[in-house]
Each structure stands twice: as structure tokens, then as C-alpha cells.
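The primary structure of each chain is shown beneath.
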Amino acid sequence: MPNDYDKGAYPEPPRQTPVIDKQTALPNPALILSQVFYYTVDLPVTTFRDAVDSIRSKNKQVYYHQKFRRVPDLTECQEGDYVCYYEAEMQWRRDYKVDQEIVKVIQERMRACHQREGASYEQNCAKEIQQFNEVTKNFMSRYGDLGAYASGRKCLMKQKERMLAAQAQSA
Amino acid sequence: MVGMSLLKSAAAFAARLSLPKSGSTAANLLTRTIPRTDKVAVRWGHGKKMFVIKPSDYYDRRFLRLVQYYVLLTGIPVAILITGVNIFIGEAELAEIPEGYEPEHWEYYKHPITRWIARNLYDSPVKDYEKMMAAVQIEKEKADMRITQLEARREMRHAGDGPWFQIPTLNKELIDSSPKAKPDH
């Protein structure tokens, strides 16, 4: 079966199932429905999955996440060295994708927390919400409004503008 | 026989002349087999359809049949192939890169068909990267050469001591500067 999700990142609240104290002779419809669901849906699906897994286990294959070496940045390239520009640009694009995925992970955590807590999410998920706000603010300040033709040079110029604004504000 | 038919037609004629009421038995006895066509109730709409008139749908049905045929001609083998690959080979699992091992470029993909395409049909991304860098380097060298050529042109035109921008003139040793007989020669 596929791996379960990371329990540390999406913690479940403690279970609050009450002790079953049956005082009537009538059957419990919830129990009956859960049994029906188990025998009609869960069991066939699990047996099919186990059968397919036993066939697949003969041809097991693995895949890896690629690790890229760090190359000199755009600021460390000589002027006119277009090969260096190209490598820096590719590295910047990979970093952009990584940052997008980071924002997606943080967003997913906040949404999971919201779903778990229900109506009281503002109070109980304050940490996740604050983390999400901070991460999106930083992402927008670095990559926001660069547009579809974003490149490392444009991002560098945006950083320069940010630094100028900070200097003008502090001075 | 002929007499019977004469009698029957005479009785029918008599019955048609007199308008028989529904209860009169004499007229009914004689005219039972002859229906009166001007007073029969005619009902359209909920009877069984005996002849439906509509335009031909032969061409439409032929088109749809041919569409089904040509789509399924390659659709079914492709569906069988993909189902077989998913059931018998299955997707790869994520693992850490072992120490000192450099994975091949197709081992970075999950689905077996993607891995096959990356292994047999595509170049490795490292090769693509190097190809792009080679193209960039060639273009850079071309641009540099064009710039130096322009600079050389400018310098040679300005200084005039290079092999370019030489205007051929007559050989000065052919000029005869000895004094002549007449002043205009």
C-alpha cells in the first residue's frame, strides 16, 4: 500500500471516541453501514490491490530525486560571459521552482489544519497561518510581479530596487 | 348468386336512402357488412405507427460507425498496452541515492513508459544542457569576431596603413617628370 502521510507535519487531534454504552436492543445502523461498506467496497479493493502488488513486486524499480551542483550566481559572472549567464539562469529557474513548491507545502499544511479544526481554525491554527503569511510575503517580495518572462536578471534588478528602498527608508 | 348480389345491392341502396337509427334491426340485418363511410369515427395519434416518414439517417450512422472504428483501431491496442504496463511493471518507488552511485538520467522518472521514452528516445538532460551551452559559446564567439572585425575596419580606414581600404592608383614610377618640348605635355 502507498505510504501514509507525514504524521509529524499534519498532526491529528487526540481521539475522543466515547465508550459504547448500548442501552437498546435495536441494531446500530452506523455499525451496519460500516460493515456493508467494508464487505462491498473495502475488501474487494484491497484484494485487487494486493493481487496487482504481488504481480508488480517481480519488476520493482526505483527512482531518485536529482541533486544539482551549485554554480556561480549571476553576480559572480564576468560581463559578456554568456555561458556563465546561462548556467546562472538555469540555477535561478530551479530555485524558483523549489520556492514555488515550498509555498505549496506550507499552504497545504494550513489547509489541512483548517479542515481538521473546523469552525475554530483561527484560534487553533494560529502558528500555521502565521507561517503561511510570512512565507507568502517573502515569496511575493522576491518573485512577485516578475511576470511570465521572469528571469534571473529581472529578479536581481528587483532585489536592487528593494535594497535601494530599504536604504532610502533607513537613511 | 347474381340474384343474391342484386338483392344485397338493392337492400344497401334502400338502407342508404333511409337513415337508419341505431336500434333498427331490419336495416342492420341487411347492411351489416356495408359500412357507412360518412359517419365512421376516424382517430389519429395513438394507433400503432404503420409507416414512419423521416429523412435518411444512413449517412449519419455510417459516419459514427466509421469514427468508432478508426478511433478504436489504435485506441484499443494503446489501452491494452498502458493497462498491461501499469499492472505488470508498475510505477517506481522513491529511494535515496546510494553512496558513490551516479544514477542514469532515466532513473529520475517515476512511470515506466516515461522512463522508457527518456532512455530510448530523448537525449539526457545533461547532454541537452551541454548542447545549449555550446550553442551559446558559438554565438558569443561569432559576436566577438564581428565586433573585432568592425573595429579593425574602423582602424584601417582611419590610419590607412592596413591591407583594407587600399585604393589602387597608378604606378608613380611611370610618371615622366623630365622637361618636355611643349609646355602642355
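In the block above lies the structure referred to throughout.
Description of the structure in this document. Source: prediction; values computed, not measured.

What counts, and where the lines are drawn
- Residues numbered from 1 in each chain as written.
- Chains lettered and ligands numbered in written order.
- Predicted model: local features only at pLDDT ≥ 70, side-chain atom pairs only at ≥ 80, totals over all residues.
- Heavy atoms only, no water.
- Helix = DSSP H or I, 4+ residues; strand = E, 2+ residues; numbered from the N terminus.
- Buried < 20%, exposed > 50% of the residue type's maximum accessible area, 1.4 Å probe, protein only.
- Contact = heavy atoms within 4.5 Å.
- Areas by Shrake-Rupley, 256 points an atom, 1.4 Å probe, with all protein chains shown as cover.
- Disulfide = S-S within 2.5 Å.
- Lys, Arg positive; Asp, Glu negative; His and termini not counted.
- Salt bridge = Lys/Arg side-chain N within 4 Å of Asp/Glu carboxyl O.
- Polar contact = N/O pair within 3.5 Å; in protein donor to acceptor, adjacent residues only side chain to side chain.
- Expected span 1.5 Å × (residues − 1).
- Core = buried A, V, L, I, M, F, W, Y, C linked by side-chain atoms within 4.5 Å.
- Buried area = accessible area lost by both parts, 1.4 Å probe.
- Bend = angle between axes of the 7 residues up to and from the residue.
- Phe/Tyr/Trp six-rings, centres within 6.5 Å; stacked < 30°, edge-to-face > 60°.
- Lys NZ or Arg CZ within 6 Å of the ring centre and 35° of its normal.

1. A word on the overall build of chain B
Consideration 1: Summing up its helical and strand segments, chain B has five helices and one strand in all.
Consideration 2: The 185 residues of chain B split such that 11% are buried.
Consideration 3: Pairs at least 24 residues apart make up 8% of the contacts formed inside chain B by residues separated by at least 6 positions.
Consideration 4: With an accessible surface of roughly 16,900 Å², chain B has 63% of that area assigned to carbon and sulfur atoms.

2. Thoughts on the state of the cysteines
Residue and element names in this part refer to chain A.
Consideration 1: Summed over all chains, the structure comprises two disulfides over all chains.
Consideration 2: Across a sulfur-sulfur distance of 1.8 Å, Cys 77 and Cys 84 are joined as a disulfide pair. An S-S torsion of about -80° defines the bridge between Cys 77 and Cys 84 as left-handed. In this pair, the class of Cys 77 matches that of Cys 84, namely buried.
Consideration 3: Regarding the disulfides, chain A carries the connectivity 1-2, 3-4 under sequence-order numbering of its bonded cysteines.
Consideration 4: The thiol sulfur of Cys 155 is not disulfide-bonded, and the nearest other cysteine sulfur, from Cys 77, lies at 15 Å.

3. Description of the side chain of Arg 115 of chain B
Consideration 1: Tracing the chain through its elements places Arg 115 of chain B in helix α4 (residues 112–120).
Consideration 2: In this structure Arg 115 of chain B is buried but unpaired, with Glu 107 of chain B as the nearest side chain of opposite charge at 4.9 Å.
Consideration 3: At 3.1 Å, the side chain of Arg 115 of chain B forms a polar contact with the backbone oxygen of Tyr 109 of chain B.
Consideration 4: Aside from chain neighbours lying at most four places away, what touches Arg 115 of chain B is Gln 61, Val 62 and Tyr 63 of chain A together with Ala 92, Trp 106, Glu 107, Tyr 109 and Lys 110 of chain B.

4. Remarks on the pattern of salt bridges
Consideration 1: For the coordinates displayed, the defined rule picks out 14 salt bridges over all chains.
Consideration 2: With its nearest N and O atoms 3.2 Å apart, the salt bridge here joins Asp 95 of chain A to Arg 70 of chain A. Of the two residues, Asp 95 of chain A sits in helix α2 (residues 82–117) while Arg 70 of chain A sits in the loop between β1 (62–63) and α2, which places them 25 residues apart along the sequence.
Consideration 3: By relative accessible area, Asp 95 of chain A is classed as partly exposed at 24%.
Consideration 4: Given a relative accessible area of 59%, Arg 70 of chain A falls into the exposed group.
Consideration 5: In this structure, the salt-bridge partner of Lys 131 of chain B is Asp 123 of chain B, at a minimum N-O distance of 2.9 Å.
Consideration 6: With relative accessibility at 33%, the residue Asp 123 of chain B sits in the partly exposed group.
Consideration 7: Salt bridges sharing partners connect three or more residues here, namely Asp 123, Lys 127, Asp 128 and Lys 131 of chain B.

5. Remarks on helix α5 (residues 125–159) of chain B
Consideration 1: Compared with the 51 Å implied by 1.5 Å per residue over 35 residues, the 51 Å span of α5 of chain B between its first and last C-alpha is a close match.
Consideration 2: Among all positions in α5 of chain B, only Tyr 129, Met 133 and Met 156 of chain B are buried.
Consideration 3: Contacts from the buried residues of α5 of chain B go to α2 of chain A.
Consideration 4: Of the residues trailing α5 of chain B, Gly 160 of chain B is marked for its positive phi of about 80°.

6. Describing the nonpolar core
Consideration 1: One finds Trp 92, Tyr 96, Val 103, Phe 139, Tyr 143, Leu 146, Ala 150 and Cys 155 of chain A forming the largest nonpolar core, which totals eight residues.
Consideration 2: For this core, the secondary structure elements donating two or more residues are α2 and α4 (126–143) of chain A.
Consideration 3: Ranked by residue count, the leading element in this core is α2 of chain A, at three residues.
Consideration 4: When neighbours within four sequence positions are excluded, Tyr 96 of chain A is seen to be in contact with Phe 139 and Tyr 143 of chain A.
Consideration 5: Counting five residues, the second-largest nonpolar core is a separate cluster that includes Val 83 and Tyr 86 of chain A together with Tyr 129 and Met 133 of chain B.

7. Section: the interface of chain B and chain A
Consideration 1: Counting residues at the interface gives 27 residues for chain B, matched by 18 residues for chain A.
Consideration 2: Of the roughly 2,400 Å² buried between chain B and chain A, counting both surfaces, carbon and sulfur atoms make up 63%.
Consideration 3: Of all residues in chain B, Leu 94, Tyr 108 and Tyr 129 of chain B bury the most surface against chain A, accounting for 23% of the area lost on that side.
Consideration 4: At the junction of chain B and chain A, the tally comes to one salt bridge.
Consideration 5: Our count for the chain B to chain A interface comes out at eight residue pairs in polar contact (both at pLDDT 80 or more).
Consideration 6: Elements supplying a minimum of two residues to the side of chain B that touches chain A: α3 (58–89), β1 (93–94), α4 and α5 of chain B.
Consideration 7: At six residues, α5 of chain B tops the list of elements feeding residues into the side of chain B that touches chain A.

8. So, helix α1 (residues 29–56) of chain A
Consideration 1: With 28 residues, α1 of chain A should reach 40 Å at 1.5 Å per residue; the first-to-last C-alpha distance of 39 Å fits that figure.
Consideration 2: Along α1 of chain A, the sharpest kink reaches roughly 40°, centred on Tyr 38 of chain A.

9. As for the packing of aromatic side chains
Consideration 1: Applying the stated criterion to the full structure yields eleven aromatic pairs over all chains.
Consideration 2: Here Tyr 38 of chain A and Tyr 39 of chain A contribute two aromatic rings whose centre-to-centre distance is 5.1 Å and whose plane-to-plane angle is 75°, an arrangement assigned as edge-to-face.
Consideration 3: On the basis of relative accessible area, Tyr 38 of chain A is assigned to the partly exposed category, the value being 36%.
Consideration 4: Considering the side-chain rings of Tyr 82 of chain A and Tyr 85 of chain A, the 5.5 Å spacing of their centres and the 85° angle between planes classify their relative orientation as edge-to-face. Taken together, the positions of Tyr 82 of chain A and Tyr 85 of chain A, both in helix α2 and three residues apart, correspond to about one turn of that helix.
Consideration 5: Relative accessible area serves as the criterion here: at 42%, Tyr 82 of chain A is assigned to the partly exposed category.
Consideration 6: Ring pairs connect the aromatic residues Trp 92, Tyr 96, Phe 139 and Tyr 143 of chain A, which therefore count as one cluster.
Consideration 7: A cation sits over an aromatic face here: Arg 119 of chain B above Trp 106 of chain B, 5.5 Å from the ring centre.

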